Amino acid sequence: MSVIDTHCHLEEEVFDADRLDLLRRARSAGVSAIVSVGVKPSGWLAQRRVWDVINGLPDRSDLPSIYLAFGLHPWKVTEPTGDWLAELRTQLSSAEAVVALGELGLDFAPGMPDEALQRRVFEAQLCLARELSLPLIMHARKSEDRLLWYLRRQPDLRGVVHGFTGSAQQAAAFVDQGFFIGVGGAITHDRASRLRSVIAAIPVDHLLLETDAPFQPGAAHRGQRNEPAFIRDNLDYLAKLHDCSAAEMAAQTSENARRLFGIAINDD
């Protein structure tokens, strides 16, 4: 049984001491591929360095396949200096391993950066995604309806709503637009009954598994550093919600990831 972690942040410094061991643990747990997602310019460069090191190893048979995504997160829109959009275009065009533009999005929770600035940055990235024919990895918090407003006006866009926590109606609307719903450790927590009911109603051919490691650990690892190997907990919960085996859910979500991101991996 193999599974794909469609959202992880391998460049984070908390992984520096044991990144390769972490990846070996993930492979031992059945993780066949990881999409490592960048959120800011300094992180884009760190991601490339990590990928270059891994890709340069003489033997990678005990590691998952690593794919990349680059984007400017709504929390980070005030950080870039210079022509960040040109740098983003360069990073997105820099390697065959790039499979998506992300993490981008909108976050309208209190204390977040100016909404007008967020929208300008988001709109620029939508244009770039269309130019490069890349799927989106989107962050959404208290902004699902505004994101849907954009997608309905640009129906050729495709992608995933990462770490979805919206309503059943919003989930159905994203699926109607052809988007996938990312499912992480949030469904494993005791107080997630509403979210679990939402996820249970989403067609399995529009679900993706993710960890968001090192962030957002599931209930079994509360307070710990999250890592891709922990995706098995998310897989088990998701399979129960859809009344199928873990192997069936792993196969379906992996096929969904392949369909969205166009990745080809060796499951051996």
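Please refer to the structure higher up on the page.
Not measured: the values here are computed from a predicted model.

Draft legend 1. Seen up close, the overall build of the protein. Regarding its fold elements, the protein presents nine helices and eight strands. Its C-alpha atoms give the protein a radius of gyration of 17 Å, within 12% of the compact-globule value 18 Å for 268 residues. In terms of overall dimensions, the protein has a C-alpha envelope of 45 × 45 × 35 Å along the principal axes. Counting every position in the protein, which comprises 268 residues, the buried fraction comes to 56%.

Draft legend 2. Structural context of helix H1 (residues 19–28). Every buried residue belonging to H1 is among Arg19, Leu22, Leu23, Ala26 and Arg27, and all of these are buried. Along the axis of H1, the buried positions cluster into a sector of 140°, meaning they face one direction only. Summarising the contacts, the buried residues of H1 are in contact with strand S2 (31–37), helix H2 (41–55) and strand S3 (65–70). One or two steps after H1, the chain reaches glycine 30, where phi turns positive at roughly 100°.

Draft legend 3. How the structure looks around the pattern of salt bridges. What the rule picks out here adds up to 13 salt bridges. As a salt-bridge pair, arginine 24 and aspartate 21 come within 3.3 Å of each other at their nearest N and O atoms. Within this pair, arginine 24 and its partner aspartate 21 are both found in helix H1, separated by three residues, close to a single helical turn. Since its relative accessible area comes to 41%, aspartate 21 is described here as partly exposed.

Draft legend 4. Expanded view of the sheet that holds strand S1 (residues 3–8). What the eight strands build is an open sheet, ordered S1-S2-S3-S4-S5-S6-S7-S8; its pairing is parallel. For this open sheet the edge positions go to S1 and strand S8 (207–209), each flanked by a neighbour on one side alone. With direction set aside, neighbouring strand axes in the sheet form an average angle of 30°. Direction of pairing for S2 relative to S3: parallel, over a ladder of five bridges. Across the sheet, the residue bridging to valine 35 is tyrosine 67, located in S3. Strands S3 and strand S4 (98–107) of the sheet are contacted by helix H3 (residues 84–92), whose axis makes an angle of about 145° with S4. Across the sheet, helix H8 (residues 231–241) lies against S1, S2, strand S7 (180–183) and S8, angled at about 150° from S8, the strand it touches most.

Draft legend 5. Highlighting the side chain of histidine 221. Mapped onto the secondary structure, histidine 221 falls in the loop between S8 and H8. With near-sequence residues (within four places) excluded, histidine 221 lies in contact with Phe230 and Asp233.

Draft legend 6. Quick peek at H2. For H2, built from 15 residues, the straight-helix expectation of 21 Å at 1.5 Å per residue is met to within 8% by its first-to-last C-alpha distance of 21 Å. Inspection of H2 places Gly43, Trp44, Ala46, Gln47, Arg48, Val50, Trp51 and Ile54 among the buried residues, and these make up the whole buried set. Residues of H2 that are buried make contact with H1, S2, S3 and H3.

Draft legend 7. Just the packing of helix H5 (residues 144–153) against helix H6 (residues 168–176), in detail. Their axes nearest at 11 Å, the elements H5 and H6 cross at an angle of 20°. Regarding the angle of H5 to H6, the classification is roughly parallel. Like other packed secondary-structure pairs, H5 and H6 cross with a definite hand, here left-handed. Counting all contacts with H5, which are made through Glu144, Asp145, Leu147, Leu148, Leu151 and Arg152, the residues of H6 involved are Gln170, Ala173 and Phe174. Looking at the contact of H5 with H6 residue by residue, the classes come out as five nonpolar, one polar and three charged.

Draft legend 8. Representation of the nonpolar core within the structure. Among the nonpolar cores identified, the biggest contains 67 residues, and Leu136, Met138, Phe174, Ile181 and Ile199 are the most heavily contacted of them. Counting residues per element, this core draws most heavily on helix H4 (residues 115–132), at five residues. If we ignore the near neighbours within four places in the chain, the residues touching phenylalanine 174 are Met138, Glu144, Leu147, Leu148, Leu151, Val161, Phe164, Phe179 and Ile181.

About the cut-offs
Residues numbered from 1 in each chain as written. Predicted model: local features only at pLDDT ≥ 70, side-chain atom pairs only at ≥ 80, totals over all residues. Heavy atoms only, no water. Helix = DSSP H or I, 4+ residues; strand = E, 2+ residues; numbered from the N terminus. Rg over C-alpha atoms; globule rule 2.2 N^0.38 Å. Buried < 20%, exposed > 50% of the residue type's maximum accessible area, 1.4 Å probe, protein only. Arc of directions from axis to C-beta. Contact = heavy atoms within 4.5 Å. Salt bridge = Lys/Arg side-chain N within 4 Å of Asp/Glu carboxyl O. Pairing = 2+ DSSP bridges. Axes fitted to C-alpha atoms, helices over the stretch in contact; angles between N-to-C directions. Expected span 1.5 Å × (residues − 1). Parallel < 35°, antiparallel > 145°, perpendicular 65-115°, else oblique. Left-handed = near helix turned anticlockwise from the far one by under 90°. Nonpolar A, V, L, I, M, F, W, Y, C, P; charged D, E, K, R; others polar. Core = buried A, V, L, I, M, F, W, Y, C linked by side-chain atoms within 4.5 Å.

All quantities given are derived from atomic positions and should not be read as evidence of function.
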